[in-house]
Amino acid sequence: MTNLTTSESLRLLKGNYTGHLGYIYLDKPYVLPITYYYDKDDHSLISYSADGHKIDAMRKNTAVTLLVEEIKSSNNWQSVMAHGTFEELQGTDAKFKLHQFTEGVKGLILEKEHRETEFISEFSSKLYSRGTPTVYRIKIVEITGKRKET
């Protein structure tokens, strides 16, 4: 196993849109899959969610980690952990970042899967039916990555 360089770790973050978000709630760790977009302009991750357990937990303890991985086999994989701070966005910032998230994820799906998709807009509209989503960013404080190839 070898360490990824910072640029390799960032490339892995930029090239994907799903990961596992780790956070603490009432002294217990939780890990959930999320869709995200890496914002290179402010070195952060953008996502959103309906209000609930995850958002409540991150409001109380803003230290979070996102794990992103690409696994080809048990002997050929790479992963990156982005440790950071949860920050809830409001108003025009939230609208701008939600648009950036939507367009960015659509672009990644087109690039990686060679298909245009309505998935993001459909997913977004379902969230809106549960109320206005909470748009947030994770300001990256530290990034580490590993690779295993045989």
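For the structure itself, consult the block above.
This is a predicted model, so every value here is computed, not measured. (Residues numbered from 1 in each chain as written. Predicted model: local features only at pLDDT ≥ 70, side-chain atom pairs only at ≥ 80, totals over all residues. Heavy atoms only, no water.)

Provide a residue-level description of the overall build of the protein, including the pertinent values.
Within the protein, the regular secondary structure consists of four helices and eight strands. Reading the protein from its N end, one meets helices and strands in the order β-α-β-β-β-β-α-β-β-α-α-β. In terms of overall dimensions, the protein is globule-like: its C-alpha atoms have a radius of gyration of 15 Å, near the 15 Å expected for 150 residues. Projecting the C-alpha coordinates of the protein onto the three principal axes gives extents of approximately 50 × 40 × 25 Å. Residue pairs at least 24 apart in sequence account for 72% of intrachain contacts in the protein once pairs closer than 6 positions are excluded. Accessible surface computed for the protein: about 8700 Å², of which carbon and sulfur atoms make up 51%. Looking at the protein, you have 20 positive and 20 negative side-chain charges, and the mean spots of the two groups are 3 Å apart. (Helix = DSSP H or I, 4+ residues; strand = E, 2+ residues; numbered from the N terminus. Rg over C-alpha atoms; globule rule 2.2 N^0.38 Å. Contact = heavy atoms within 4.5 Å. Areas by Shrake-Rupley, 256 points an atom, 1.4 Å probe, with all protein chains shown as cover. Lys, Arg positive; Asp, Glu negative; His and termini not counted. Charge placed at Lys NZ, Arg CZ, Asp CG, Glu CD.)

Requested: an account of the pairing of strand β3 (residues 28-35), with residues and values cited.
In this structure, strand β2 (residues 18-25) lies alongside β3, joined through eight bridges in antiparallel fashion. The residue bridging histidine 20 from the neighbouring strand is proline 33, located in β3. Between the end of β2 and the start of β3, which pair antiparallel, lie two residues, with leucine 26 showing a positive phi angle near 50°. (Pairing = 2+ DSSP bridges.)

Which residues make up helix α2 (residues 53-60), and what values go with them?
Within the sequence span of α2, burial applies to Lys54, Ile55, Ala57 and Met58. Viewed end-on, α2 has its buried residues packed into an arc of 160°, placing them on one side of the element. Buried-residue contacts for α2 involve β2, β3, β5 (44-49), β6 (63-73), β7 (76-88) and β8 (134-149). (Buried < 20%, exposed > 50% of the residue type's maximum accessible area, 1.4 Å probe, protein only. Arc of directions from axis to C-beta.)

Which residues make up the environment of tyrosine 23, and what values go with them?
By secondary structure assignment, the location of tyrosine 23 is in strand β2. Residue classification places tyrosine 23 among the buried residues on the basis of a relative accessible area of 2%. The sequence separation of tyrosine 23 and glutamine 90 amounts to 67 residues, and the corresponding C-alpha distance is 21 Å. The residues touching tyrosine 23, leaving out its near neighbours within four places in the chain, are Lys28, Pro29, Tyr30, Leu32, His53, Lys54, Ala57, Met58 and Val64. Only 3.0 Å separates the side chain of tyrosine 23 from the side chain of histidine 53, close enough to count as a polar contact. (Polar contact = N/O pair within 3.5 Å; in protein donor to acceptor, adjacent residues only side chain to side chain.)

Now, about the pattern of salt bridges: what can you tell me, with residues and values included?
Within the structure shown, the criterion is met by eleven salt bridges. A salt bridge links glutamate 70 to lysine 112; the shortest N-O distance between them is 3.7 Å. Of this pair, glutamate 70 sits in strand β6 while lysine 112 sits in helix α3 (residues 91-113), placing them 42 residues apart in sequence. Classification of glutamate 70 as partly exposed rests on a relative accessible area of 27%. The class for lysine 112 is partly exposed, based on a relative accessible area of 36%. Counted as one network, the salt bridges with shared partners bring together Asp39, Asp42, Glu87, Lys97 and Arg137. (Salt bridge = Lys/Arg side-chain N within 4 Å of Asp/Glu carboxyl O.)

Describe the nonpolar core, with residues and values.
In globular proteins that are soluble, nonpolar side chains generally tend to be buried together. Grouped together as the largest cluster of nonpolar side chains are 23 residues, with contacts concentrated most on Leu13, Leu21, Tyr36, Leu45, Met58, Leu66 and Tyr136. Within the residue set of this core, elements represented by two or more residues are α1 (6-14), β2, α2, β6, β7 and β8. At four residues, β8 tops the list of elements feeding residues into this core. Those residues in contact with methionine 58 that lie beyond four places of it in its chain are Leu21, Tyr23, Val64, Phe86 and Tyr136. (Core = buried A, V, L, I, M, F, W, Y, C linked by side-chain atoms within 4.5 Å.)

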